[in-house]
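If you want the building blocks of each chain, they are given just below.
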Amino acid sequence: MSELELTLAFQIKVSKLPEPIREHRFNNARQWRFDFAWPLLKIAAECEGGTWSGGRHTRGSGFAKDAEKYNMAALDGWKVLRFTSVEIEDGRAVALIEEALREAA
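As the structure is a computational prediction, the values presented were derived from the model and not from experiment.

## Points about the pattern of salt bridges
Here the idea is simple: oppositely charged side chains can pair when their charged atoms come close. A full pass over the atoms with the stated rule returns six salt bridges. Between arginine 92 and aspartate 90 there is a salt bridge; the shortest N-O distance is 2.8 Å. Judged by its relative accessible area of 44%, aspartate 90 falls in the partly exposed class.

Here is the structure:
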């Protein structure tokens, strides 16, 4: 579990939001997983690390694989929220998750 994921997990707990499933597999054929998921609501949250340092999510192959994953999730009815380190650290991520969960309930 990355530092970003630990931070977001802590924020979700402190905010008393429903507990997500960690590393939820949403596509058995491809074995894709979400960092955080609320499967009954089809809401997922992804921590996109390395956005400012040229990490996997921003390089060609990694970006292309992420695009395929998120497009397939959308076709399956998932709402995927993607967050950078800045959004997680300043609290915007947990606020958006809270809003999405409230709207879906």
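Next comes the rest of the account.
## A few points about the confidence of the model for the protein chain
Considering every residue of the protein chain, the mean pLDDT works out to 90; 90% of them sit at 70 or more. Averaged pLDDT values for the elements of the protein chain fall to 88 in helix α2 (residues 60-75) and rise to 98 in helix α4 (residues 92-104).

## Quick word on the sheet that holds strand β2 (residues 32-38)
In space, the four strands of this open sheet follow the order β1-β2-β3-β4, with mixed pairing throughout. With partners counted over all chains shown, the strands left at the sheet margins are β1 (21-27) and β4 (79-83), one partner each. For this sheet, the mean inter-axis angle between neighbouring strands, taken without regard to orientation, is 45 degrees. Relative to the sheet, α4 contacts β2, β3 (43-47) and β4, its axis offset from that of β4 by approximately 170 degrees.

## Quick word on helix α1 (residues 3-14)
In an α-helix, one full turn covers 3.6 residues, which means residues spaced three or four apart are oriented alike. Between its first and last C-alpha, α1 extends 16 Å over twelve residues, near the 16 Å set by a 1.5 Å rise per residue. Where α1 is buried, its residues touch β1, β2, β3, α3 (85-89) and α4. Positive phi appears at lysine 16, one or two residues downstream of α1, with a value of about 60 degrees.

## Quick notes on the environment of phenylalanine 34
Counting through the fold element by element, phenylalanine 34 comes out in strand β2. The spatial distance from the C-alpha of phenylalanine 34 to the C-alpha of alanine 73 is 9.7 Å, given a sequence separation of 39 residues.

## Re the packing of aromatic side chains
Applying the stated criterion across every chain, the model contains four aromatic pairs. Ring geometry for phenylalanine 34 against tryptophan 78: centres 4.8 Å apart, planes inclined by 55 degrees, an arrangement best described as tilted. Of this pair, phenylalanine 34 sits in strand β2 while tryptophan 78 sits in the loop between α2 and β4, and the two are 44 residues apart along the sequence. No difference in accessibility class separates phenylalanine 34 from tryptophan 78, as the two residues are buried. Taken together through their ring pairs, the aromatic side chains of Phe26, Trp32, Phe34 and Trp78 make up a single cluster. A cation over an aromatic ring shows up here: arginine 22 above the ring of phenylalanine 36, its NZ or CZ 4.1 Å from the ring centre.

What counts as what
Residues numbered from 1 in each chain as written. Predicted model: local features only at pLDDT ≥ 70, side-chain atom pairs only at ≥ 80, totals over all residues. Heavy atoms only, no water. Salt bridge = Lys/Arg side-chain N within 4 Å of Asp/Glu carboxyl O. Buried < 20%, exposed > 50% of the residue type's maximum accessible area, 1.4 Å probe, protein only. pLDDT = per-residue confidence, 0-100. Helix = DSSP H or I, 4+ residues; strand = E, 2+ residues; numbered from the N terminus. Pairing = 2+ DSSP bridges. Axes fitted to C-alpha atoms, helices over the stretch in contact; angles between N-to-C directions. Contact = heavy atoms within 4.5 Å. Expected span 1.5 Å × (residues − 1). Phe/Tyr/Trp six-rings, centres within 6.5 Å; stacked < 30°, edge-to-face > 60°. Lys NZ or Arg CZ within 6 Å of the ring centre and 35° of its normal.

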